Amino acid sequence: MKMSGGVEWGLHCCVVLSGAGAPVTAAKLAELHDVSQSYLAKQLQLLSRAGLVRSTLGQSGGYVLTRAANEITVLDVVEAIDGVEPAFRCTEVRQRGPMAVPAERCDTPCPIARTMDSADRVWRESLRRVTIADLIADVNRTTPPEILAGAREWLRA
């Protein structure tokens, strides 16, 4: 399955927002990840439309998660950024060309469509089982403590 780069940035933002303790501006998130603020703002808007983050106004405004990290799945973020459409769309190739099968004889999906649909379901279920909290736990396990402390301090500055 091919996902846009926005999915990666959206997931990183959700991980950061979960541990930030206060709203974080799009500018601060963009600087932290060394990515264009306008690009990241588009991803944050998609996350906001999906109800995963919300923006707060004012002097200490910025973005926050709308739910606990254990209530937001990786699939939620993927679908917010890239949409819910399956990766494969059957165009009924078997009904084309000189040996076309008549539409009335195509009353079940072809083996290719069934295989692709099955792969899509398995992929989505796999992403549905992983939450932002799971990602945070993995980040905490694999990132040196001084780097995590430095990032938290940098976000508060």
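Up top is the structure these notes are about.
Every value quoted in this text rests on a predicted model; they were computed, and no experiment measured them.

## Describing the packing of aromatic side chains
Thinking step 1. Within the structure shown, the criterion is met by zero aromatic pairs.
Thinking step 2. Above the ring of W154, the side-chain terminus of K28 is found at 4.2 Å from the ring centroid.

## Description of the nonpolar core
Thinking step 1. Ranked by size, the top nonpolar core spans 33 residues in total, and within it L17, L29, L40, L44, L47, V77 and I132 carry the most contacts.
Thinking step 2. Contributions of two or more residues to this core are made by α1 (5–20), α2 (26–33), α3 (37–49), β2 (62–65), α4 (74–82), α5 (111–128) and α6 (132–142).

## Remarks on unusual backbone geometry
Thinking step 1. Positive phi outside glycine occurs at D34, with the angle close to 55°.
Thinking step 2. Summarising the element assignment, D34 is placed in the loop between α2 and α3.
Thinking step 3. Of the residues examined, D34 reaches a relative accessible area of 70% and is grouped as exposed.
Thinking step 4. The backbone of E92 shows a phi angle near 55°, a positive value even though the residue is not glycine.
Thinking step 5. Along the chain, E92 turns up in the loop between α4 and α5.
Thinking step 6. Under the relative-accessibility criterion, E92 is labelled partly exposed at 24%.

## Overview of the pairing of strand β1 (residues 53–56)
Successive residues of a regular strand alternate their side chains across the two faces of the sheet.
Thinking step 1. As paired elements, β1 and β2 share four bridges and run antiparallel to each other. When the bridges of β2 are listed, S55 appears paired with Y63.
Thinking step 2. Between the antiparallel neighbours β1 and β2 lie five residues, among them G58 with a positive phi of about 105°.

## Brief notes about the state of the cysteines
Thinking step 1. Evaluation of the coordinates by the stated rule reveals zero disulfides.
Thinking step 2. Of the cysteine sulfurs around C106, a residue in no disulfide, the closest is that of C110, at 8.5 Å.

Calculation criteria
- Residues numbered from 1 in each chain as written.
- Predicted model: local features only at pLDDT ≥ 70, side-chain atom pairs only at ≥ 80, totals over all residues.
- Heavy atoms only, no water.
- Phe/Tyr/Trp six-rings, centres within 6.5 Å; stacked < 30°, edge-to-face > 60°.
- Lys NZ or Arg CZ within 6 Å of the ring centre and 35° of its normal.
- Core = buried A, V, L, I, M, F, W, Y, C linked by side-chain atoms within 4.5 Å.
- Buried < 20%, exposed > 50% of the residue type's maximum accessible area, 1.4 Å probe, protein only.
- Helix = DSSP H or I, 4+ residues; strand = E, 2+ residues; numbered from the N terminus.
- Pairing = 2+ DSSP bridges.
- Disulfide = S-S within 2.5 Å.

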